[in-house]
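Spelled out, the chains give:
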Amino acid sequence: MSESEQSDNPQTCFLPLDEFARLFDVLISRGYEVIGPTIDQEAIVYGELSSIDDLPRGWTDHQEPGKYRLVKRDDEALFGYVVGPSSWKKQLFPPVVTLATADRTEAGWQFEEAEEETPRYAFLGVRACELAAMKIQDRVFTGGPYVDSIYDQRRNQALIIAVNCTQAASTCFCTSMETGPRCKAGFDLALTELPDGFLVEVASAAGAEILQELKTLDVLPEQDSQAHAARQQAVDQIERRFDTTDLKDLLMSNLEHSQWDEVAERCLSCTNCTMVCPTCFCSSVEEVSDLTGDHVERQREWDSCFNLDFSYMNGGLVRNSIRNRYRQWLTHKLATWIDQFGTSGCVGCGRCITWCPVGIDLTQEVDAIRESQS
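Residues numbered from 1 in each chain as written. Predicted model: local features only at pLDDT ≥ 70, side-chain atom pairs only at ≥ 80, totals over all residues. Heavy atoms only, no water.

### Quick notes on helix α6 (residues 205-212)
Among all positions in α6, only Gly207, Ile210 and Leu211 are buried. What you see down the axis of α6 is that its buried residues fit within an arc of 95°, all on one side. Turned more than 90 degrees away from the buried face of α6 sit Ala205 and Gln212, all of them exposed. Along its buried surface, α6 packs onto β1 (11-16), α1 (17-29), β9 (159-163), β10 (189-194) and β11 (197-202). (Buried < 20%, exposed > 50% of the residue type's maximum accessible area, 1.4 Å probe, protein only. Helix = DSSP H or I, 4+ residues; strand = E, 2+ residues; numbered from the N terminus. Arc of directions from axis to C-beta. Contact = heavy atoms within 4.5 Å.)

### Quick look at the packing of helix α3 (residues 128-142) against helix α4 (residues 149-157)
At a minimum axis distance of 9 Å, the contact between α3 and α4 shows a crossing angle of 140°. It follows that α3 is oblique to α4 by the angle criterion. The handedness of the crossing between α3 and α4 comes out as left-handed. Of the residues in α4, those touching α3 at Met134, Gln137, Asp138, Phe141 and Thr142 are Tyr151, Asp152 and Arg155. When its residues are assigned to classes, the contact of α3 with α4 shows three nonpolar, two polar and three charged. (Axes fitted to C-alpha atoms, helices over the stretch in contact; angles between N-to-C directions. Parallel < 35°, antiparallel > 145°, perpendicular 65-115°, else oblique. Left-handed = near helix turned anticlockwise from the far one by under 90°. Nonpolar A, V, L, I, M, F, W, Y, C, P; charged D, E, K, R; others polar.)

### Examining the sheet that holds strand β3 (residues 43-48)
The mixed open sheet is built from seven strands, whose spatial order is β1-β11-β10-β9-β8-β2-β3. The two strands at the open ends of the sheet, each matched to only one other strand, are β1 and β3. Averaged over all pairs of adjacent strands, the angle between strand axes in this sheet comes to 25°, irrespective of strand direction. Inspection of the sheet shows strand β2 (residues 33-40) paired to β3 by six bridges, in the antiparallel sense. Along β3, the bridge assignment pairs Ile39 with Ile44. This element, α3, spans β3, β8 (121-126) and β9 of the sheet and lies at about 135° to β8. Sheet strands touched by helix α7 (residues 221-237): β1, β10 and β11. Its angle to β10, the strand with the most contacts, is close to 95°. (Pairing = 2+ DSSP bridges.)

### As for unusual backbone geometry
Pro181 follows Gly180 through a cis peptide bond whose omega is 10°. Structurally, Pro181 can be placed in the loop between α5 (174-177) and β10. Of note, Asp246 is a non-glycine position whose phi angle comes to about 50°, a positive value. With respect to the helices, strands and loops of the structure, Asp246 is situated in the loop between α7 and α8 (247-252). With phi around 50°, Ser269 is a residue other than glycine that occupies positive phi space.

### Here's the deal with the pattern of salt bridges
Evaluation of the coordinates by the stated rule reveals 19 salt bridges. Arg323 is the salt-bridge partner of Glu256, the closest N and O atoms lying 3.3 Å from each other. With Glu256 in the loop between α8 and α9 (259-264) and Arg323 in helix α11 (residues 322-341), the pair connects residues that are 67 residues apart, well separated along the chain. Where Glu365 meets Arg266, a salt bridge forms, and the shortest distance between an N and an O atom there is 2.8 Å. With Glu365 in helix α13 (residues 362-372) and Arg266 in the loop between α9 and α10 (272-276), this pair connects stretches of sequence that are 99 residues apart. Classification of Arg266 by relative accessible area gives partly exposed; the value is 28%. Several salt bridges share partner residues, and in doing so they unite Glu256, Asp261, Arg323 and Arg327 into one network. (Salt bridge = Lys/Arg side-chain N within 4 Å of Asp/Glu carboxyl O.)

If you want it as structure tokens, here you go:
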């Protein structure tokens, strides 16, 4: 949904747990493909859900720089985790998509623009930092003179059911980026999990229509207090602080700083940070032929500025060292992104810190440069 379609004053109600279980049937009956958190390969990832049983009930995630582990909770919470390696970028900006096809015929090559049926997603479990990431990608893909039609169609058809964070990881710094942990805009429904159900904020007509098929109750004062305390718990747990004061000028005036050499000694240029980032959008296009050579597909696929060949142009590499590639990624994400799109490209989700194999922490890298200037 677009923010223009959202109410400025969301109404609230209480959705009992047994009625929440019926939500899946309601969404599926309306033609939605429900995407949300589930456990796969010892991580909480976003995948297709068919019922409440697919959710990671009773599980949480322990995260540190370069470390992610599933841990059993002492309760049966359905959304008692932070964020995993996947993001909604996978559904809105697919890792691989066919743009056009070419077929050899007796009359010559026939070229056609690829057509696909736009999936009708219901995203369940979207966190505040991820709502901020969607807003950033909206600006990237639809905010300029050239609109990415694939992203635009998928985004416009998506129903957004957000879930407020009630806990944080050691890698979270959304408060520093002013993107969370509470969901404030960009959703159709927002849930706060309580032991016996959910406090629900209704922010759009589409969200209200969904709830009309479920039995909801008025919010009791004690439930409202419980929800506030649960959300505040996440705020209180965020200890990582990231000073963003004059960040663009700080980075762009220190392009030859020795810290870039120091981090290059540790960086593997593995692309993990860009793959898990919910806002990175680098891609490449290539022609893929079948074995006969009579059918060719033009495919767009995710790429990364950490890949050596990504900067290849005019017969050479622009960034042939890890130092240059890391500097390009960080200065683009935190500085020149502002020139392009009017905002930082970071939402403070901490994924790049958790999923870096050597535990590189971008907040510490920036702090090291800042401290050297004092």
